[in-house]
Amino acid sequence: MEIDLSQFHQVFFEESFEGLDVMEQELLNLEEDSDLENVNTIFRAAHSIKGGSATFNFKDVADFTHVMETLLDEMREGSRPVTREIIDLLLKSVDCLRGMLNKIQDDEPVGEAHCELINSFNLLLSGEAIVETEVNTAAEQAVETQPIAADTTEDLHHYWNIQFIPQSHILETGNEPVRMFRELKGMGVLESTVDVSKVPDFDELVPESCFLSWRLRLDADTEYDTIKEVFEWVEDECELTIDNAEEPEVKKQDVKKQEVEKQGPITESEISVDTVISDKEVTAVETDDIEVSGAEKTTGDSSSDKMESTNAIVSISGAVSNKTSDVAKEKSQKLATETQNSSQAKVKSTAVNEEKKNQKKATSTASIRVGIDKVDTLIDLVGELVITQSMLSELGDNFTMAKLNQLVSGLSELEQNTRELQESVMRIRMLPIGFVFNRLPRMVRDLSSQLGKKVHLAIKGESTELDKTVMEQIGDPLTHLVRNALDHGLESTEQRIAAGKSEEGTVTLNAFHQGGNIVIEVSDNGGGIDPDVIYDKAVEKGMIQQGEELVKEQILGLIMEPGFSTAAVVSDVSGRGVGMDVVKRNINNLGGSVEIESNLGKGTTFTIRLPLTLAILDGQLIRVANEVYVLPLVSIIESIPLSMVEISKIAGDMKVYKLHNEYVPIIDLREEFVIQRGGGANSEGLLAIVEGENRKIALKIDDLMGQQQVVIKSLDSHYKSIQGVSGATILGDGRVSLILDIVGLAKRAAIRANHRREKVA
Amino acid sequence: MSKKTTVSLGTALDIAHASSLKSRLVTALTKNIPVQLTSDKVERVDTAGLQLIFAFIKKAETQGNSVHWYKPSDALINASEILGLQSELKLNQARREGVV
Amino acid sequence: MTKILAVDDSASMRQMVTFTLKSAGFDVTEASDGVEALKAAQSKAFDVVISDVNMPNMDGLTLVKKLRALGNYKFIPILMLTTESSGDKKQAGRAAGATGWIVKPFNPDQLLATVKKVIS
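Rules and cut-offs
- Residues numbered from 1 in each chain as written.
- Chains lettered and ligands numbered in written order.
- Predicted model: local features only at pLDDT ≥ 70, side-chain atom pairs only at ≥ 80, totals over all residues.
- Helix = DSSP H or I, 4+ residues; strand = E, 2+ residues; numbered from the N terminus.
- Buried ≥ 20, exposed ≤ 12 C-beta atoms within 10 Å, placed from the backbone.
- Expected span 1.5 Å × (residues − 1).
- Pairing = 2+ DSSP bridges.
- Contact = placed C-beta atoms within 7 Å.
- Nonpolar A, V, L, I, M, F, W, Y, C, P; charged D, E, K, R; others polar.
- Axes fitted to C-alpha atoms, helices over the stretch in contact; angles between N-to-C directions.
- pLDDT = per-residue confidence, 0-100.
- Core = buried A, V, L, I, M, F, W, Y, C linked by C-beta atoms within 7 Å.
- Domains from an automatic or database assignment.
- Arc of directions from axis to C-beta.
- Right-handed = clockwise from strand over helix to strand, strands pointing away.
- Parallel < 35°, antiparallel > 145°, perpendicular 65-115°, else oblique.
- Left-handed = near helix turned anticlockwise from the far one by under 90°.

(A) A look at the overall build of chain B. Within chain B, the secondary structure is distributed over four helices and five strands. For chain B, the succession of helices and strands along the chain, N to C, is β-β-α-β-β-α-β-α-α. Burial statistics for chain B: of 100 residues in total, 44% are counted as buried.

This is the structure:
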């Protein structure tokens with residue numbers, strides 16, 4: 001049967017990455033508390049990856065995980081102590097495997113990075129010598145066995161005498177002589193003679209035990225190993241002799257050959273790949289001689305012959321490896337020409353490669369693992385929905401006004417069903433934030449030793465769920481915040497001791513739900529941020545004017561503005577990659593916000609607030625002329641009738657509204673979106689005070705309408721991105737309504753104000 | 001026609017049913033008369049099943065009672081041949097003579 | 001139709017085994033560890049069980065022992081999927097009551113050949 005194994009690759013990659021995450025986590029746990037169950041879990045993960053990679057023909061991964069597994073097995077059995085060096089090596093291996101699997105997934109060569117690690121394992125395992133290990137992959141097995149089968153004419157005999165005396169319990173495990181003998185019969189003519197002398201008296205007979213034994217004569221062109229294989233599962237539970245019935249000379253040869261095989265079974269079988277082709281026309285007897293001497297030669301001088309035969313295998317093993325080597329060839333040719341070309345061309349081609357890679361990633365379907373309970377809830381809800389629907393359609397078939405009450409209650413039931421269904425469907429996309437938190441302990445471990453600080457990472461609320469998409473995008477900002485907490489937040493050990501604090505600093509991650517949001521806190525018990533230092537720095541950088549009055553919250557917020565870095569020297573740790581401004585931008589892009597709270601000498605807390613999902617929004621519908629827009633409900637502070645509002649003008653003709661002690665810029669949405677007059681001419685209008693990222697604006701609108709949950713449709717994918725509009729949705733009556741983005745609107749207003757100011761000046 | 005008792009072997013003459021079959025065979029033995037083994041429906045046959053029948057036939061014959069096959073199925077005959085038990089079970093004879 | 005229970009904690013292996021056996025016309029049920037498998041075995045009478053050895057919650061050897069203790073599974077063929085090619089590990093499977101083993105890595109053809117062998 002032809003089964004395309006590549007259809008299982010994606011699942012294999014997914015579970016392997018998961019397995020690697022588990023290994024990493026357990027390795028870190030192992031450091032604190034070496035528990036046998038931890039080692040078992042790590043072993044199992046490595047074992048699974050090994051089994052899968054061997055089955056799906058990822059030989060490098062299989063070889064690598066094989067040595068890992070061997071070491072883990074020793075740890076599991078207690079014959080190898082758990083040391084920091086071993087944990088380090090295993091952690092490095094986890095990283096390396098991740099890289100290898102990523103490359104395989106992208107159809108790239110895995111490189112040589114793992115070889116060094118394999119050597120380290122072998123050194124550990126053997127104590128000295130480096131042993132070459134091989135795990136045969138399924139394809140290779142197939143390649144290897146075929147030539148052997150085709151090339152064993154000299155090994156085939158016609159008559160075999162087999163003596164089979166099973167132990168009495170053999171039948172109890174489903175090992176059935178009838179089945180085994182039938183298999184033998186399939187090879188030729190079988191004659192069986194049974195010995196019934198050991199069968200006890202009927203009264204004494206335990207019917208499940210076997211007291212029979214057999215002498216079989218098999219008349220078949222087959223070889224010793226094939227016969228032996230039939231009894232493979234029971235060979236330790238029986239007396240078995242397999243003899244060649246006639247032609248004793250051939251038998252001698254057979255013994256000789258077996259000896260050769262014992263010396264070097266792998267090389268021997270590989271050699272036959274070579275000889276099969278070249279010796280085809282030689283007569284059978286001659287072939288036999290050549291074969292044996294060839295094999296002997298191999299045992300004497302294995303290295304060069306082995307090289308050859310490996311080549312032979314590569315060429316046979318077909319499409320997959322051929323393709324890879326072609327690609328490699330092409331790549332190296334490309335590289336050669338590129339070196340002659342300008343560096344610009346080089347950059348271009350990498351860009352193209354990068355693009356291809358991305359395309360590939362995009363097309364590979366992402367999957368999600370869902371707890372069965374969630375699916376069951378969905379099925380229940382759909383069931384209820386069906387009942388409500390049939391009740392309503394029955395009602396509609398012969399409706400009279402007398403049934404109005406029934407209709408109303410039916411519709412409200414439908415509404416309830418729909419809402420619950422929607423919530424449950426959303427919950428399918430929800431995953432525990434532990435998936436993101438779990439990658440942090442490893443980083444903290446590596447970073448703390450790099451920084452020479454003692455750090456304890458406390459994790460709370462890891463089962464708090466959030467949308468998969470949000471989670472995928474919060475990983476990097478979160479990592480950066482933790483990195484920052486270790487690097488800048490926590491003091492050095494000496495400083496901590498001098499300040500009378502515990503030697504070990506603590507970074508705490510916490511997650512919980514609050515309203516429609518998930519809140520993630522990253523806090524440290526370090527030195528805290530000094531607002532005065534930040535203020536001076538901001539002045540120095542020209543971000544604010546000396547003497548400008550800012551509250552503490554605003555000053556701290558400056559560290560997340562573009563172009564701000566407090567560290568005197570950009571350190572190796574936090575200095576690379578993204579800055580705090582990027583962290584903030586990423587979080588804002590997810591519809592979330594960051595707040596900083598800090599107490600000098602006590603520590604700093606970053607609080608991230610994110611919507612639970614990006615797909616649904618609690619919206620407030622507003623009307624401007626004949627248009628309906630949606631405002632995120634969370635952004636609305638208050639709304640005031642225009643008649644009760646005192647509007648001032650500052651800086652040119654910018655209209656502002658004085659709310660408490662603050663001047664809030666007013667944006668007239670009719671002007672902003674250039675809407676023709678119409679609709680609510682009779683209404684006096686409202687000011688809706690809204691807030692985003694600590695910035696308030698007042699929107700001049702005509703009316704507040706209902707509140708409802710809206711499903712967000714991206715404008716980017718259907719049209720293009722527009723500042724001030726975060727997306728669109730379809731209303732109950734089928735109209736498309738734009739969802740307003742407060743931060744974007746505020747920016748638009750600011751830009752326009754600047755233009756005006758410039759004009760005035 | 002002389003008196004005899006009949007034991008039906010059902011569809012499965014195998015290890016899973018060996019114990020229950022044995023107790024039915026014990027009952028047949030206590031009657032101390034010739035036994036007919038009805039085996040036309042036997043589909044699954046294994047070593048344990050045939051071994052049990054062998055011990056039964058031997059026992060019945062020492063008691064002086066004969067055991068006859070009634071329509072042994074192909075599956076039964078095949079398995080007994082493969083195990084080399086056909087003459088011990090008197091099945092080669094049964095086959096030659098057809099219905100006994 | 002022959003009913004087979006396929007047990008492996010690795011989803012890719014499980015899918016491969018299931019797909020192969022289903023393509024050959026078998027009725028296949030999947031389980032991802034011993035506990036799940038035991039549950040499945042009690043709710044449906046399987047003709048053959050194919051199980052991985054190393055699994056969380058309940059490993060393959062324990063599963064075989066527990067299955068053999070159930071009346072229905074006392075004598076049916078149980079095959080272990082094992083990466084261990086060393087003798088004593090295989091024998092551990094036999095001692096637990098397994099009928100035989102299929103050594104990983106195996107290809108679909110090898111799997112089918114072995115399964116067909118035990119159900120003949």
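(B) Highlighting the overall build of chain A. When you go through chain A residue by residue, the secondary structure sums to 26 helices and 22 strands. Out of the 761 residues belonging to chain A, those deemed buried represent 28%.

(C) Here's a closer look at helix H3 (residues 59–76) of chain A. Spanning 18 residues, H3(A) covers 25 Å between terminal C-alpha atoms, matching the ideal 26 Å at 1.5 Å per step. Just beyond H3(A), the residue with positive phi is A:Gly78, at close to 85°.

(D) Geometry of the pairing of strand S16 (residues 654–659) of chain A. Residue and element names in this part refer to chain A. Pairing analysis gives four bridges linking strand S15 (residues 647–650) to S16, with the strands arranged antiparallel. Among the inter-strand pairings, Lys649 is bridged to a residue of S16, identified as Lys655. Note that S16 and strand S17 (residues 662–668) share four bridges and pair antiparallel. Residue pairing for S17: Lys658 is matched across the bridge by Tyr663. Where S16 hands over to S17, the hairpin turn is made up of two residues, of which His660 adopts a positive phi near 50°.

(E) Spatial organisation of the interface of chain A and chain C. Counting from both sides, the interface comprises 27 residues of chain A and, opposite them, 34 residues of chain C. The set of elements that each furnish at least two residues to the side of chain A that touches chain C consists of helix H1 (9–32), helix H2 (36–55), helix H6 (138–150) and helix H7 (177–185) of chain A. If one sorts the elements of the side of chain A that touches chain C by residue count, H2(A) sits on top with eight residues. The residue inventory of the side of chain A that touches chain C, partitioned by class, reads ten nonpolar, nine polar and eight charged.

(F) Spotlight on the sheet that holds strand S8 (residues 505–514) of chain A. Residue and element names in this part refer to chain A. Spatial ordering of the open sheet is given by S6-S8-S9-S11-S10, a layout of five strands whose pairing is mixed. With partners counted over all chains shown, the strands left at the sheet margins are strand S6 (455–460) and strand S10 (593–599), one partner each. Ignoring strand direction, the axes of neighbouring strands in this sheet form an average angle of 15°. In this sheet, strand S11 (residues 603–611) lies alongside S10 in antiparallel orientation, the contact comprising seven bridges. Looking at S11, one finds that Glu595 is bridged to Thr607. Running over the sheet, helix H18 (residues 440–451) touches S6 and S8 and is turned about 170° from S6. Running over the sheet, helix H19 (residues 468–489) touches S6, S8, strand S9 (517–524) and S11 and is turned about 20° from S9.

(G) Focus on the sheet that holds S15(A). Residue and element names in this part refer to chain A. The six strands lie next to each other as S14-S18-S19-S17-S16-S15, forming an open sheet whose pairing is mixed. Looking along the sheet, the strands with just one partner apiece sit at the ends: strand S14 (636–641) and S15. Taken pair by pair, the neighbouring strands of this sheet meet at an average axis angle of 35°, ignoring direction.

(H) Representation of unusual backbone geometry. The peptide bond linking C:Lys104 to C:Pro105 adopts the cis configuration, its omega dihedral lying at -5°. Turning to its location among the elements, C:Pro105 is positioned in the loop between strand S5 (100–103) and helix H5 (108–119). One non-glycine residue, A:Asp107, adopts positive backbone phi at about 60°. Relative to the elements of secondary structure, A:Asp107 occurs in the loop between helix H4 (84–105) and helix H5 (113–126). By C-beta crowding, A:Asp107 is classed as exposed, having 12 other C-beta atoms within 10 Å. One non-glycine residue, C:Asn57, lies in the positive phi region at around 65°. Summarising the element assignment, C:Asn57 is placed in the loop between strand S3 (48–52) and helix H3 (60–69).

(I) Fine view of the interface of chain A and chain B. Across the contact, 21 residues belong to chain A and 20 residues belong to chain B. Taken together, the elements giving at least two residues each to the side of chain A that touches chain B come down to H7 and strand S2 (189–195) of chain A. The element that contributes the greatest number of residues to the side of chain A that touches chain B is H7(A), accounting for five residues. Classifying every residue of the side of chain A that touches chain B by side-chain character gives 14 nonpolar, two polar and five charged.

(J) Structural context of the confidence of the model for chain B. Averaged over every residue, the pLDDT of chain B is 87; the share at 70 or more is 90%. Interface confidence for the predicted complex, expressed as ipTM, amounts to 0.91; the pTM equals 0.59.

(K) Up close: the nonpolar core. Core analysis: the biggest nonpolar cluster contains 123 residues, and C:Ile4, C:Leu5, C:Val49 and C:Ile50 have the highest contact counts within it. The element best represented in this core is helix H2 (residues 47–62) of chain B, accounting for nine residues. The residues that make up this core include at least three from each of domain 1 (5–135) and domain 2 (142–300) of chain A. Apart from residues lying up to four places away in sequence, C:Leu5 is in contact with C:Thr29, C:Ala31, C:Ala37, C:Ala40, C:Ala41, C:Phe46 and C:Val49. Counting residues in hydrophobic clusters, the runner-up holds 40 residues, among them A:Leu466, A:Ile474, A:Val594 and A:Phe606.

(L) Seen up close, helix H21 (residues 531–540) of chain A. Residue and element names in this part refer to chain A. Of the positions making up H21, those classed as buried are Ile534, Tyr535 and Ala538. Buried residues of H21, seen end-on, are gathered within an arc of 100° and therefore sit on one face of the element. Seen from the buried face of H21, the exposed residues on the opposite side, beyond 90 degrees, are Asp532, Val533, Asp536 and Glu540. Next to the buried residues of H21 lie helix H22 (552–557).

(M) Fine view of the environment of A:Ala615. Residue and element names in this part refer to chain A. Residue placement: Ala615 occurs in the loop between S11 and strand S12 (616–624). A C-alpha to C-alpha distance of 8.5 Å links Ala615 and Val710, two positions 95 residues apart in sequence. In this structure Ala615 touches Met426, Val711 and Ile712, once residues within four positions along its chain are discounted.

(N) Local environment of the pairing of strand S2 (residues 27–31) of chain C. Residues and elements named next belong to chain C. Sheet analysis places strand S1 (residues 3–7) next to S2, joined by five bridges and oriented parallel. Looking at the pairing, Leu5 lines up with Thr29 of S2. Between the parallel elements S1 and S2, the chain passes through helix H1 (residues 11–23) in a crossover that is right-handed.

(O) Layout of the packing of helix H2 (residues 34–43) of chain C against H3(C). Residue and element names in this part refer to chain C. Following both chains from N to C, one finds H2 and H3 inclined at 20°, their axes separated by 9 Å at the closest point. As judged from the angle between their axes, H2 and H3 are roughly parallel. Taken as a pair, H2 and H3 cross one another with a handedness that is right-handed. Every residue of H3 that contacts H2 at Gly34, Ala37, Leu38 and Ala41 is listed here: Gly60, Thr62, Leu63, Lys66 and Leu67.

(P) Examining the packing of H2(A) against H3(A) more closely. Residue and element names in this part refer to chain A. At a minimum axis distance of 9 Å, the contact between H2 and H3 shows a crossing angle of 155°. Classified by the angle their axes make, H2 and H3 are roughly antiparallel. The element H2 and its partner H3 pack so that their crossing is left-handed. Contact residues: Val39, Asn40, Ile42, Phe43, Ala46, His47, Ile49, Lys50, Ser53 and Ala54 in H2; Val61, Ala62, Thr65, His66, Met68, Glu69, Leu72, Asp73, Met75 and Arg76 in H3.

(Q) Spatial organisation of the confidence of the model for chain A. All names here are of chain A. Residues at a pLDDT of 70 or more form 75% of chain A, whose mean pLDDT is 77. Scored below 50 in pLDDT, residues 334–351 makes four contacts in the model with residues more than four places away or belonging to other chains. Across residues 356–364, where pLDDT falls below 50, the model places three contacts with residues more than four positions away in sequence or in other chains.

(R) Representation of the environment of B:Thr6 within the structure. All names here are of chain B. Relative to the helices and strands, Thr6 is located in strand S1 (residues 5–8). Here the alpha-carbon distance between Thr6 and His68, two residues 62 residues apart in the chain, equals 9.4 Å. If we skip the residues at most four places from it in the chain, Thr6 touches Gln36 and Thr38.

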